[in-house]
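Reading the structure
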Amino acid sequence: MTAHDIVLYGATGFVGQLVAEYLARHPEGSRFSWAIAGRNPDKLNALRTSLADAAPEMIVADTSDRPSIDAMVSKARVVVTTAGPYAEYGGDAVVEACAKQGRHYADLSGEYWFQRAMIDQFHEEAQRTGAKIVHAAGIDSVPSDLGTQFVIEQLERRGKRAAQVKALFTDYAGSFSGGSKKTLEALEQLPKSGKYDAAFCSDPYVLAPRAEGKLEHETVTGWDRRRFDRDFRALGVPFFMAPINARIVRRSLALSGRLPCSYAEGTSVGAGLKAGWLWMSRGLGYFVGAPIPLSPKPGQGPPEWLRRAGKFRVALKATSATVEHAAMVDVRGRGDPGYLATSKILGEVGLCLALGHEEAPRSGGVLTPALALGSVLRERLAATERGEFMQFRVLAET
Ligand SMILES: NC(=O)c1ccc[n+]([C@@H]2O[C@H](COP(=O)([O-])OP(=O)(O)OC[C@H]3O[C@@H](n4cnc5c(N)ncnc54)[C@H](OP(=O)(O)O)[C@@H]3O)[C@@H](O)[C@H]2O)c1
C-alpha cells in the first residue's frame, strides 16, 4: 500500500527540517503527497505544527525496530532520509527495506564504507525489484557527479571519449552542522578503528569493486598537493569533501562504461579566502545576532543568514586521450552548500524519483545521482526557482 510519493525520514534533524520546509512550500505541492518520519513523536509533532498548512502525515519509525521501518517503507514510493551518520544510526535497515520492497531511496551519506556495504548487500536485490538506491544526493556529491557526466557528454557529442576529468571548487562558502561534524569525525577515525584495512581505506575505487578499466596510479582524490592549475587559473589544494565525491564519481564512471578515465578534485585557495571573508565580515555572526556554532551538536547548524549568503561553484574540465579535444563546464549554486543548497538538491532528487520521469534511466540498483537520474535531475535543478538556484554552463570546447 503506497500512501505517499515521498516519506522524509530523519525529518526532525537539522537538514531534515530544511528539506521539510522546502517540500512544504514547493510550487508543485499539489502534484505530490508526502509524510514526515522519525523516531521521536514529540519532535515530529512540533515540526508538523511549524509547517502549518502543509500538515504532512507523521510516521514514527526507529531503525532499531525493523518492523516499524518496514511499515514506513511500505507507505512510500520514495524514502528520502537525513537520519545520519548512516552507519552509526542503523541506516542499513532503511536501505534493506527499500531494496526488498522495490521503493526508491535517497540519502546524504558521505560514508563510503556504509555505501560499499549497501552495494555488497543490496545492489543485486535492488536490481531485481527495480528500487533505485541513491547515495550522496546533496552537495556531496551531486555537483561533482552531474558535473562530470555533463562535461564528458560535451566530448561524447563529438564522438570522443574522456581520458581525464579534473574538478576545482572555486566557491564553497558556508558552514557545517552537528550531523556533518559526526560524519567527518567518523571519516577521520575510520583507518584507526581497525574495522577496515589500509587497502580498503585508500582504495579510490572502493565503490566500484568489480569495475573494468581501473587506473593503477589513481589516488583517492587525485589532487594531493598544492599546485597552480593553468586551466582553472587558480591555486588548487586538497578538498576535504573530495574523498567522498571522487569515489561516487568513479562509481558513475565505472557503471556507465566510461573507465578508464582519471578523476581529480580539489578546491582553490580563493574559495577558502572568500568563505573566510564571509564569516569574518559578519563577525562570525555576532554582528548580526546569530553566531555560527563552531562546535555544533546534533540538531544544530549554520544560522539562517549564513544559509542564505552561502554559495558554491565547481569548474570541470574533461580531456580526451590525445589531448586534442577538451571541454570545460561549471556548476554553480546559491545558498550554504551543505544546508540550504543541499536541502533543495535532496528535495529535488526525491521529487525526480517520485514523479517518475519517463526519460530517466530505468533500472534499479545501488546507484549514484548521475546513474539513477542523470540529465533529468540536471534539468530539474536548472529549472528550480526559475533558474535562480543552480546553473550548469558550458564554458569552452576545443
Ligand atoms: N551529503 C551532503 O551533502 C550532506 C550535507 C549535510 C549533511 N549531510 C549528512 O546528513 C546527515 C544529517 O545531518 P544533520 O546535521 O541533519 O544531523 P542531525 O541534526 O543530528 O539529525 C540527525 C537525524 O537522525 C535522527 N537519528 C539520530 N539517531 C538515530 C537513530 N539511532 N535512529 C534513527 N534516527 C536517528 C535524528 O533524530 P532525533 O531528532 O530524534 O534525534 C535526526 O532526525 C549526516 O549524516 C550528515 O553528514 C550530508
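The rules we used
- Residues numbered from 1 in each chain as written.
- Predicted model: local features only at pLDDT ≥ 70, side-chain atom pairs only at ≥ 80, totals over all residues.
- Pairing = 2+ DSSP bridges.
- Helix = DSSP H or I, 4+ residues; strand = E, 2+ residues; numbered from the N terminus.
- Axes fitted to C-alpha atoms, helices over the stretch in contact; angles between N-to-C directions.
- Contact = placed C-beta atoms within 7 Å.
- Near = placed C-beta within 6 Å.
- Nonpolar A, V, L, I, M, F, W, Y, C, P; charged D, E, K, R; others polar.
- Expected span 1.5 Å × (residues − 1).
- Bend = angle between axes of the 7 residues up to and from the residue.
- Buried ≥ 20, exposed ≤ 12 C-beta atoms within 10 Å, placed from the backbone.
- Domains from an automatic or database assignment.

**Quick look at the sheet that holds strand E5 (residues 104-107)**
Overall, parallel pairing links the 7 strands, which are arranged E3-E2-E1-E4-E5-E6-E13 in an open sheet. Where the open sheet ends on each side, the last strands, each with one partner, are strand E3 (57-60) and strand E13 (365-367). The mean inter-strand angle of the sheet, taken between neighbouring strand axes irrespective of direction, is 20°. Inspection of the sheet shows E5 paired to strand E6 (residues 132-134) by 2 bridges, in the parallel sense. Bridged to Tyr-105 within E6 is Ile-133. This element, helix H12 (residues 337-354), spans strand E1 (4-9), strand E4 (76-81), E5 and E6 of the sheet and lies at about 165° to E4.

**Describing the site of the ligand**
In the neighbourhood of the ligand, 34 residues make up the surrounding shell, with Gly-13, Gly-84, Gly-138, Gly-179 and Pro-298 lying closest. Broken down by secondary-structure element, the contributors of at least two residues to the shell around the ligand are helix H1 (14-24), helix H7 (178-193) and H12. For the shell around the ligand, the element with the most residues is H7, which contributes 4 residues. Across the shell around the ligand, the residue classes break down as 9 nonpolar, 21 polar and 4 charged.

**A look at helix H5 (residues 112-129)**
Over its 18 residues, H5 extends 24 Å from the first C-alpha to the last, a length consistent with the 26 Å expected when each residue adds 1.5 Å. The sharpest bend along H5 comes to roughly 55°, located at Phe-122. Turning to H5, its buried residues number three or more, namely Tyr-112, Phe-114, Gln-115, Arg-116, Met-118, Ile-119, Phe-122 and Ala-126. The inward-facing, buried residues of H5 contact helix H4 (92-101), E6, helix H9 (242-255) and E13. Positive phi shows up at Gly-130, right after H5, with a value of about 85°.

**Let's talk about the domain arrangement of the protein**
A common way to state how big an interface is: give the accessible area lost once the parts meet. Segmentation of the protein into domains returns domain 1 (4-138 + 347-354) and domain 2 (142-338 + 372-397). Between the C-alpha centres of domain 1 and domain 2 the distance comes to 24 Å. Secondary-structure elements contributing two or more residues to the side of domain 1 that touches domain 2 are H1, H5, E6 and H12. Examining the composition of the side of domain 1 that touches domain 2, we find that 5 residues originate from one element, H5, more than from any other.

**Structural notes on unusual backbone geometry**
Residues Gly-84 and Pro-85 are joined by a peptide bond in cis, for which omega reads 10°. The topology assignment puts Pro-85 in the loop between E4 and H4. A cis geometry characterises the amide bond from Leu-259 onward to Pro-260, with omega recorded as 0°. With respect to the secondary-structure elements, Pro-260 resides in the loop between H9 and strand E10 (262-268). The backbone of Arg-233 sits at a positive phi, close to 50°, despite the residue not being glycine. By secondary structure assignment, the location of Arg-233 is in the loop between strand E8 (227-229) and strand E9 (234-238). Owing to 11 C-beta atoms within 10 Å, Arg-233 belongs among the exposed residues under this scheme. For Arg-386, which is not glycine, the phi torsion reads 50° and is therefore positive. Looking at where Arg-386 falls in the secondary structure, it is placed in the loop between helix H14 (374-383) and strand E14 (390-397).

**Topic: the environment of Thr-384**
Tracing the sequence through the fold places Thr-384 in the loop between H14 and E14. Owing to 20 C-beta atoms within 10 Å, Thr-384 belongs among the buried residues under this scheme. Along the sequence, Thr-384 and Lys-195 sit 189 residues apart, while their C-alpha atoms lie 41 Å from each other. The residues touching Thr-384, leaving out its near neighbours within four places in the chain, are Lys-344, Glu-348, Phe-389 and Met-390.

**Looking at the pairing of strand E11 (residues 311-320)**
Of all the 10 residues making up E11, 8 are buried; the element is thus mostly covered by neighbouring parts of the structure. Where E11 and strand E12 (residues 326-334) come together, 9 bridges link them in antiparallel fashion. Across the sheet, Thr-319 pairs through a bridge with Ala-326, a residue of E12. Between E11 and E12, which pair antiparallel one after the other, the connecting turn spans 5 residues, and Val-323 there sits at a positive phi close to 65°.

**Some thoughts on the sheet that holds E14**
In space, the 7 strands of this open sheet follow the order E8-E9-E10-E7-E11-E12-E14, with mixed pairing throughout. The open sheet is flanked by E8 and E14, the only strands paired with a single partner. Averaged over all pairs of adjacent strands, the angle between strand axes in this sheet comes to 30°, irrespective of strand direction. The pairing of strand E7 (residues 162-173) with E10 spans 6 bridges and is classified as parallel. Bridged to Val-165 within E10 is Tyr-263. Against the sheet, H9 contacts E9 and E10, and its axis sits at roughly 150° relative to E10.

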